[in-house]
Amino acid sequence: MTQQPQAKYRKDYTAPAFTISHIDLTFDLNDTETRVIARSKVQQNVDGAQTLTLDGEGMKLVRLEVDGKSWSNYSVEETQLVISGVPATFELEIETEINPEANTSLEGLYKSDGAYCTQCEAEGFRRITYYLDRPDVLAKFTTKVIADKGAYPYLLSNGNKIGSGDLENGKHWVQWEDPFAKPCYLFALVAGDFDCLSDVFVTKSGREVALEIFVDKGNLDRADYAMLSLKNSMKWDEDRFGLEYDLDIYMIVAVDFFNMGAMENKGLNVFNSKFVLANSDTATDADYHGIERVIGHEYFHNWSGNRVTCRDWFQLSLKEGLTVFRDQEFSSDMGSRAVNRIGNVRIMRSAQFAEDRSPMAHPIRPEKVIEMNNFYTVTVYEKGSEVIRMMHTLLGEETFQKGIELYFDRHDGTAATCDEFVQAMEEASGFNLSQFRLWYSQSGTPTLKVVSDYDAEAKTLSLTVSQKTLPTADQAKKQALLIPLDVELYAADGSVVALQRNGEALNNVLQVTAEEQVFVFDNVDDKPVVSLLREFSAPVNLEYDYSDDELAFLMVYARNEFARWDASQMLLGKHIKENVSRIQQGGEFSLPESVVDAFRGVLLNKELDRALIAEVLDLPTENEVGGWYTTIDVDAIHIVVAAIRNTFAQEMADEFVAVYQACKADKYELTHSAAADRTLKNVCLSYIALSEGGEKIVAAQYDSADNMTDTFAALAAANIAELPSRDQMMQSFSDEWHQDGLVMDKWFMLQGTSPMEGALENVKKQMSHPSFSLKNPNRLRSLIGAFAQNTVHFHAKDGLGYEFLTDILIELNEINPQVASRLIDPLLKLKYFDAERQQLIRKQLSRLVEMENLAKDLYEKVNKALEV
Ligand code: B3K
Ligand code: ZN
């Protein structure tokens, strides 16, 4: 390492010395030598400033002019261009040369297969030209793109097209103008040869917006669902948030090489093709759901992110937390609210709670950052959304919307802070959010412990609620938070007991504000069953001493579907924990008949939404279970989760077959209810695969399936049950789909998560499969990322899993540090394993830390992990 990467702190924010109001860009595209001319109008922003320091990396400076004259008073440093003695207002012209073909980091301008595309968030624009690469510098952009007309018939950028023409040598040009001032992270350019799906959306005020989705040639039949989702998003944002689209055109381009899901560049979204392309032969119901979600997410950013952006990157949750909240609400309004909520909560409990326990723990508004790309996390996104959701719960939809309106009115066209968002909510509602603000600065998962006490004589129920947040890697001291706790009481016959105190009706959402607090309810005739933290009303761990009977009761009687599912999870959790300790003490696995019966009751309940039944029967992952322990016993957890799966499979074998048959459809339909049937059918299949005679049913489904959901479910069932026919099915799938990377990702994922003996050797072997490439982030995540979640094999005591991942990280450090930095996460949690495994992980992390050229991304994480 030449120079140690430096951290930046939130507290050090200062306004920029200069701002840029306009920038005119010209790109002359060439694979290895692209020329970029940037003409900017620069103004002094701090009195007396004379030195303009621009960000820039990995490019050649060709020419520098100030007010039309060559300027020599500058110095080029590794990551900056320092221009001295400049006037208060001037025009700056910079010509640079970059090499898109050599750019494997997929940040800045790069080539994805045959097309040029850009990714500028967070700090990628500085790889295109020297600029004030920070979100609080908002400029109006025009962009002229020049390229070979035959190879790149489409030349796209932000805003509206304002001119085009042909040039000599078979080249052509197109010029774009974006009327909205924006930070450079929202800049985009795409050049390529595509098929284009076009449509029109008429906004509520009657404006026509052209919609265009660009896909690789031959993929037009896979773009319809993305288009439908886009139109639904536009309509939904008008109906629910009153927000209308503002340009004449909205473009989406699908590319195969992309580091994340998608990017909300103004008027020109660039998407990972995974979140655009789908038809029933290639995509599962889960893929369709992902497309709807991500198309919505990026569209919603047009207001929450683009019209109002972030003052600095520490405020990232201002746009991401709010936009995740908006996309979650969109998915819930379009489909099943309960199933969507369950999905959100599973992510919180498995991934976000785990992040809070890791060396990378941070509040939703981080205080200290070395590499910004490391902070696009489940904490900033998902917990950020939970924080918005808590405000929604406390204020109610109507008042919340008033706050949103005030926020957008007040901050439109500017770069804002999280504090300003809360301020708008507070002003619009009159609700005091001062204690609530702590959610922005305090990291960690609070534990909410509830003890109930029923007084039969006084007919009162009291709930003693205490909260505690343990120290996290980044923050030792914690304070009491304002925690909304949604509760309901049930009488033995399942009827709801109204919450009241001194003759007054109480709200279901209790406000927990102190370390310990008692809530008393009157007129409770008999000892009730308590339903707590309904809808997961706060991102906390709940501790309450439920009996099996109470949980089984809630699985049937809780009014709210989410609460029923949650009760089933708590019941499973209790028995998983009990069995893990039994196994650790040399005992035998056992599961009471009553637990199986509770689940059987749900399976056979004809009143319930089938998608919800499927969620109840879908066991927590071994990774999620690991998160309940301070020392994770991967082997015991594996034994117990597998034993529960097997017990269910054996004890409910007939019921699974019956429900499987009942859910079968004559023909494929892409509706929420048909998808719910498929989900339940395929959960049944995963159990059927484990019981006698199951293999035949699995094979029959694989052979006769007329859609990818069913094909993949059969393959996954064979994989997890290690059926003898598994290899043959995998082979036939690969024979059919090896040309199609996106479809093969499903196959690679199964290879990565296979429980088979020799799983690691198998993963290594699949890296030479013709469809695999280390340069493609989707392939990497599917095979290598999945293997790192394959707990028993990844954490094998010989340490070879750790060594394998580290070998790959070393290679990726050069190719694509951002993706490497995502893959490393399982190695950061070393302190939760036994001494032997810790030692093995430490050895691998040391290999990384000793590298000469370790990228900032890995540097930040590895060092934090080794400090702990
Ligand atoms: N804003 C982008 C994420 C950019 C990630 C940069 N490493 C996508 C999104 O959240 O919508
Ligand atoms: Zn986002």
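Residues numbered from 1 in each chain as written. Chains lettered and ligands numbered in written order. Predicted model: local features only at pLDDT ≥ 70, side-chain atom pairs only at ≥ 80, totals over all residues. Heavy atoms only, no water.

*Asks:* Summarise the overall build of the protein; cite the residues concerned and give the values.
*Replies:* From N to C terminus, the protein includes 28 helices and 35 strands. Since a compact globule built from 868 residues should have a radius of gyration of about 29 Å, the 28 Å found for the protein is in line with a globular shape. Judged by the C-alpha coordinates and their principal axes, the protein covers about 90 × 65 × 60 Å. Residue burial in the protein is summarised as follows: out of 868 residues, 59% are buried. Put simply, 70% of the contacts in the protein that link residues at least 6 apart link residues at least 24 apart. Of the roughly 33500 Å² that the protein leaves accessible, carbon and sulfur atoms contribute 47%. Distance between charge centres in the protein, computed from 85 positive and 134 negative side chains, equals 3 Å. (Helix = DSSP H or I, 4+ residues; strand = E, 2+ residues; numbered from the N terminus. Rg over C-alpha atoms; globule rule 2.2 N^0.38 Å. Buried < 20%, exposed > 50% of the residue type's maximum accessible area, 1.4 Å probe, protein only. Contact = heavy atoms within 4.5 Å. Areas by Shrake-Rupley, 256 points an atom, 1.4 Å probe, with all protein chains shown as cover. Lys, Arg positive; Asp, Glu negative; His and termini not counted. Charge placed at Lys NZ, Arg CZ, Asp CG, Glu CD.)

*Asks:* Residues and numbers for the sheet that holds strand E35 (residues 541-543), please.
*Replies:* Consider a sheet: its strands pair through backbone hydrogen bonds, and that pairing is either parallel or antiparallel. Here we have four strands laid out as an open sheet, ordered E33-E26-E25-E35, and mixed in their pairing. The open sheet terminates on both sides in strands that have one partner only, identified here as strand E33 (516-521) and E35. The average angle at which neighbouring strand axes cross in this sheet is 20°, direction not considered. As judged from the 10 bridges shared by strand E25 (residues 446-455) and strand E26 (residues 460-469), these two strands associate in the antiparallel manner. Residue pairing across strands places lysine 449 opposite serine 466, the latter belonging to E26. (Pairing = 2+ DSSP bridges. Axes fitted to C-alpha atoms, helices over the stretch in contact; angles between N-to-C directions.)

*Asks:* Can you tell me about the coordination of the zinc ion (ligand 2), naming the residues and giving the values?
*Replies:* The zinc ion (ligand 2) binds to the protein through His297 (NE2), His301 (NE2) and Glu320 (OE), with metal-donor distances spanning 1.9 to 2.1 Å. Considered as a linear motif, the donors of the zinc ion (ligand 2) on their single chain read H-x3-H-x18-E. Highlighted residues: histidine 301 in the loop between helix H2 (285-300) and strand E22 (308-310) and glutamate 320 in helix H3 (residues 316-334), separated in sequence by 19 residues. Judged on exposure class, the residue histidine 301 and its partner glutamate 320 are both buried. (Donors = N, O, S within 2.8 Å, 3.2 Å for Na, K, Ca; no water.)

*Asks:* An account of the packing of helix H12 (residues 610-617) against helix H16 (residues 672-688) is needed here, citing residue identities and associated values.
*Replies:* Viewed as axis vectors pointing N to C, H12 and H16 meet at an angle of 30°, and their least axial separation amounts to 7 Å. It follows from the interaxial angle that H12 and H16 lie roughly parallel. In this structure, the crossing between H12 and H16 has a hand that is left-handed. Between H12, through Arg610, Ala611, Ile613, Ala614 and Leu617, and H16, the contact on the second element is made entirely by Ala676, Asp677, Thr679, Leu680, Val683 and Tyr687. Here the contact of H12 with H16 is built from residues that sort into eight nonpolar, one polar and two charged. (Parallel < 35°, antiparallel > 145°, perpendicular 65-115°, else oblique. Left-handed = near helix turned anticlockwise from the far one by under 90°. Nonpolar A, V, L, I, M, F, W, Y, C, P; charged D, E, K, R; others polar.)

*Asks:* Can you lay out the pattern of salt bridges for me, pointing to particular residues and giving the numbers?
*Replies:* Inspection of the entire model under this criterion finds 65 salt bridges. Between glutamate 488 and arginine 559 there is a salt bridge; the shortest N-O distance is 2.4 Å. Placement of the pair is glutamate 488 in strand E28 (residues 488-490) and arginine 559 in the loop between helix H9 (548-557) and helix H10 (561-584), with a sequence separation of 71 residues. The network of salt bridges with common partners includes Arg35, Arg39, Lys60, Arg63, Glu65, Glu93, Glu95 and Glu97. (Salt bridge = Lys/Arg side-chain N within 4 Å of Asp/Glu carboxyl O.)

*Asks:* I'd like a rundown of the environment of leucine 132, residues and numbers included.
*Replies:* Position of leucine 132 relative to the elements: it lies in the loop between strand E11 (115-119) and strand E12 (139-148). Since its relative accessible area comes to 7%, leucine 132 is described here as buried. Measuring from C-alpha to C-alpha, the distance between leucine 132 and isoleucine 720 comes to 51 Å, with 588 residues separating the pair along the chain. Look past the residues within four positions of leucine 132 in its chain and what remains in contact with it is Phe18, Thr19, Ile20, Leu52, Thr53, Leu54, Asp55, Val137 and Cys184.

*Asks:* Would you mind going over the side chain of arginine 326 in detail, with residue names and values included?
*Replies:* Mapped onto the elements of the fold, arginine 326 is located in helix H3. Not counting chain neighbours up to four residues away, the residues in contact with arginine 326 comprise Trp236, Asp237, Phe241, Leu243, Phe300, Trp303 and Ser304.

*Asks:* Could you give me a rundown of the sheet that holds strand E10 (residues 108-112), with the residues and numbers involved?
*Replies:* Here we have four strands laid out as an open sheet, ordered E10-E11-E16-E13, and antiparallel in their pairing. Where the open sheet ends on each side, the last strands, each with one partner, are E10 and strand E13 (154-157). Averaged over all pairs of adjacent strands, the angle between strand axes in this sheet comes to 20°, irrespective of strand direction. Sheet analysis places E11 next to strand E16 (residues 189-192), joined by two bridges and oriented antiparallel. Its bridge partner being in E16, cysteine 117 is matched across the sheet by valine 190.

*Asks:* Explain H10 to me, and be specific about the residues and the numbers.
*Replies:* The terminal C-alpha atoms of H10 lie 35 Å apart, and with 24 residues this matches the ideal 34 Å at 1.5 Å per residue to within 8%. The residue sitting at the N-terminus of H10 and contributing the capping side-chain oxygen is asparagine 560; that oxygen lies 2.9 Å from the backbone nitrogen of phenylalanine 562. Just beyond H10, the residue with positive phi is glycine 586, at close to 80°. (Expected span 1.5 Å × (residues − 1). Polar contact = N/O pair within 3.5 Å; in protein donor to acceptor, adjacent residues only side chain to side chain.)

*Asks:* Please give an account of the UniProt feature "domain: Peptidase M1 membrane alanine aminopeptidase" (unreviewed entry) in the protein that cites residues and values.
*Replies:* In the numbering used here, UniProt assigns the "domain: Peptidase M1 membrane alanine aminopeptidase" (unreviewed entry) feature to residues 225-436. For the annotated span residues 225-436, helix accounts for 55% and strand for 10% of the residues, and the straight-line distance between the end C-alpha atoms is 39 Å. (UniProt positions renumbered as here; feature names shortened; annotations may be inferred.)

*Asks:* Describe the packing of aromatic side chains, listing the residues and the values that go with them.
*Replies:* Tallying each qualifying case throughout the model produces 38 aromatic pairs. Relative to phenylalanine 141, the ring of tyrosine 131 lies with its centre 6.4 Å away and its plane at 55°, an arrangement referred to as tilted. Here tyrosine 131, found in the loop between E11 and E12, pairs with phenylalanine 141, found in strand E12; they are 10 residues apart in sequence, far enough to count as distant. On the accessibility criterion, phenylalanine 141 (1% relative accessible area) is buried. On the numbers, 5.1 Å between centres and 55° between planes, the contact of tyrosine 407 with phenylalanine 408 is tilted. (Phe/Tyr/Trp six-rings, centres within 6.5 Å; stacked < 30°, edge-to-face > 60°.)

*Asks:* Residue-level account of the site of ligand 1, with values.
*Replies:* Neighbouring ligand 1 are 15 residues; Glu121, Glu264, Glu298, Asn373 and Tyr381 lie closest to it. Histidine 297 is positioned with one of its side-chain polar atoms (N or O) 3.1 Å from an oxygen atom of ligand 1. Measuring from an oxygen atom of ligand 1, one finds a side-chain N or O atom of glutamate 320 at 3.0 Å. For ligand 1, the protein covers 96% of the area, taking 340 Å² as the surface of the free molecule. Among the secondary structure elements, those contributing two or more residues to the shell around ligand 1 are strand E20 (262-263), H2 and H3. For the shell around ligand 1, the residue count by class is six nonpolar, four polar and five charged. (Near = heavy atom within 4 Å.)

*Asks:* Tell me about the side chain of glutamate 244, and please be specific about residues and values.
*Replies:* Within the element layout of this structure, glutamate 244 appears in the loop between helix H1 (224-241) and strand E19 (249-255). Within the structure, glutamate 244 has its side chain in polar contact with the side chain of serine 205 (distance 2.4 Å). If near-sequence neighbours (up to four positions away) are discounted, glutamate 244 is found in contact with Thr203, Lys204, Ser205, Arg207, Glu238, Tyr299 and Trp303.

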